[in-house]
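# Per-entry structural report
In case you want the letters, here they are:
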Amino acid sequence: MRRLALHWQIIIGLILGIIWALVSSSMGWSQFTLDWIAPFGDIFIRLLRMIAVPLVLFSIIKGVSGISDGSKLGRLGAKTLIAYLITTIFAIGIGLTLVNTIQPGTLVDQDQRTKNRIEYELWVTSNNKEFADDLRIMDSLSPAEKQKYEKEVATLESQRSENSNLQDKLKKADNQKGSGPLQFIVDMVPTNIVSAVGKPSMLQVIFFAIFFGIVLLYIAKDKAQPVINFVDGINEVFIKMVDVIMQVAPFFVFALLAGKMSEMAGDDPKAVVDIFKGLGWYSLTLVIGLALMIFVIYPIIVQVVTRKISYVDFFRSISPAQIMAFSTSSSAATLPVTLDCVRENLKVSEDVSNFVLPIGATVNMDGTSMYQAVAAIFLAQFYMVDLSFAQQMTIVLTATLASIGSAAVPSAGLVMLILVLESVGLPGTWIAIIFPVDRILDMCRTVVNVTGDATVSTLIASSENELFFEPLGDRVDNFEV
Ligand code: ASP
């Protein structure tokens, strides 16, 4: 009997994981799930991330040194960066259009919005911001009302500050904030290659790998060749590791989903539904935008530009990477699988995939940038703050930079959202509002991030005549070991 294709097995794992979480929380077994099942999900992410750093290092070195022709390398680099920038800005554009049309932040209880506005105005007054002269609601309040609201806001704020998880994120963002706009370029240059690889700062690893790969082209052939062979061999080892790990992926994905959902639901499955109800319009707006990218924009661009890859084949080729992105919420952890899918199924050349994908996993986050724009504007609407056109343009710019600066790990986009909010004079602490639904939306936006990388690498391969795709038929890589 033929074995069920791996991506179906993984989807079954995913669904069973969700079912398990719902059953276990309604039976009061959440603690059991967290103690005995969730750790396997963590092991899975650790395994994938363990491979991700050396894979980025060696595949970029291999990619760059394999290109050997300096002008091709320059061309590929320029194309990659331009394509990534265009897709990011495009995604933000879609997000802005949706959030300004649907206006999810206005579709809530009006009383709540008025209260929010007062909270905002109190914040503005106490922070002495330049926007303080724009106060509308506070000016109409009597001193007694003002006092009452001040008390309510203080309670709200103290409740939020008790959330230590959130505080961690705020602290992280605070560290980021202290630096200038070019700090991420400065940070890209490692001072110590061992710590760059050990700590994984992917931008540093990428910088080092490109530098190493280029220099390899400039030393004597007899010295360079053994190094290239070594890199080649070791790269194969890491790719094989992915195949081995993927054999157990269905179980790992089950554990991951069961653990994450139980964490959210606790012993009350209704809690997840309730969380969604409150933030339903916001989540829906974002999910529509993300779905548009995944199901309409990327596959159609690929189909139109390459003229070879059909809609269905596109999904069949990259679905394991998409499922992995959904399960792990991490583009970095998904990278080994993305590389495999793009090379083996879409038949993008190694030169292109080795170069474009690792960089994409780190800097190209279309889903994250769209999310940051939608979330910032939703929150402004929710607090009755009108953002001018110039402020919305600032959001486009900061969301682009913030998505480049976001690490390819869970919740990184949420941390960077604080900077986007603060760039237009809104309090970063507002992320507390959307925090409850963030994990699920993170899963969805990571799918967009990964699909965007796969799309761009396919387009670039096609423009370089290095796309060797043949209609799939039965030929889908099943990660056979
Ligand atoms: N989890 C996302 C990724 O790894 C980043 C984010 O938006 O939080 O691509």
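Rules used in this analysis
- Residues numbered from 1 in each chain as written.
- Predicted model: local features only at pLDDT ≥ 70, side-chain atom pairs only at ≥ 80, totals over all residues.
- Heavy atoms only, no water.
- Helix = DSSP H or I, 4+ residues; strand = E, 2+ residues; numbered from the N terminus.
- Buried < 20%, exposed > 50% of the residue type's maximum accessible area, 1.4 Å probe, protein only.
- Contact = heavy atoms within 4.5 Å.
- Areas by Shrake-Rupley, 256 points an atom, 1.4 Å probe, with all protein chains shown as cover.
- Salt bridge = Lys/Arg side-chain N within 4 Å of Asp/Glu carboxyl O.
- Expected span 1.5 Å × (residues − 1).
- Core = buried A, V, L, I, M, F, W, Y, C linked by side-chain atoms within 4.5 Å.
- Axes fitted to C-alpha atoms, helices over the stretch in contact; angles between N-to-C directions.
- Parallel < 35°, antiparallel > 145°, perpendicular 65-115°, else oblique.
- Left-handed = near helix turned anticlockwise from the far one by under 90°.
- Nonpolar A, V, L, I, M, F, W, Y, C, P; charged D, E, K, R; others polar.

## Overview of the overall build of the chain
The helix and strand tally for the chain stands at 20 helices and zero strands. Sorting the 481 residues of the chain into buried and exposed places 53% on the buried side. Residue pairs in contact within the chain that sit at least 24 positions apart in sequence constitute 81% of those at least 6 positions apart. Surface exposure of the chain reaches about 21,200 Å², of which carbon and sulfur atoms provide 64%.

## A closer look at the pattern of salt bridges
Evaluation of the coordinates by the stated rule reveals eleven salt bridges. Residue Glu350 pairs with Lys62 through a salt bridge whose shortest N-O separation is 2.4 Å. With Glu350 in helix 16 (residues 350–363) and Lys62 in helix 2 (residues 30–67), this residue pair connects regions lying 288 residues apart in the sequence. A salt bridge links Glu464 to Lys79; its shortest N-O distance comes to 2.7 Å. Taken together, the residues span a long stretch of sequence, with Glu464 in the segment after helix 20 (431–463) and Lys79 in helix 3 (residues 70–102) at a distance of 385 residues. According to the relative accessible area criterion, Lys79 is partly exposed, its value standing at 27%.

## What to know about helix 19 (residues 412–423)
When the terminal C-alpha atoms of helix 19 are compared, their 17 Å separation across twelve residues agrees well with the 16 Å that a helix rising 1.5 Å per residue should span. Among the twelve residues in helix 19, nine count as buried, and that is most of the element. Within helix 19, the full set of buried residues consists of Ala412, Gly413, Leu414, Val415, Met416, Leu417, Ile418, Val420 and Leu421. Downstream of helix 19 by a residue or two, Gly425 has a phi angle that is positive, lying close to 75 degrees.

## Quick look at the nonpolar core
Counting residues in hydrophobic clusters, the biggest one holds 130 residues, and the most contacted among them are Phe44, Tyr282, Met324, Leu417, Leu426 and Ile434. Residue contributions to this core peak at 15 residues, all from helix 20.

## Notes on the packing of helix 2 against helix 9 (residues 202–216)
Contact geometry of helix 2 with helix 9 gives a least axis separation of 8 Å together with a crossing angle of 30 degrees. On the basis of the axis angle, helix 2 is roughly parallel to helix 9. In terms of crossing hand, the pair formed by helix 2 and helix 9 is right-handed. Where helix 2 approaches helix 9, its residues Ala52, Val53, Val56, Leu57, Ile60, Ile61, Val64 and Ser65 are matched on the opposing element by Met202, Val205, Ile206, Phe208, Ala209, Ile210, Phe212, Gly213, Ile214 and Leu216. In the contact of helix 2 with helix 9, the residues fall into 16 nonpolar, two polar and no charged.

Just distances and angles here, no functional claims.
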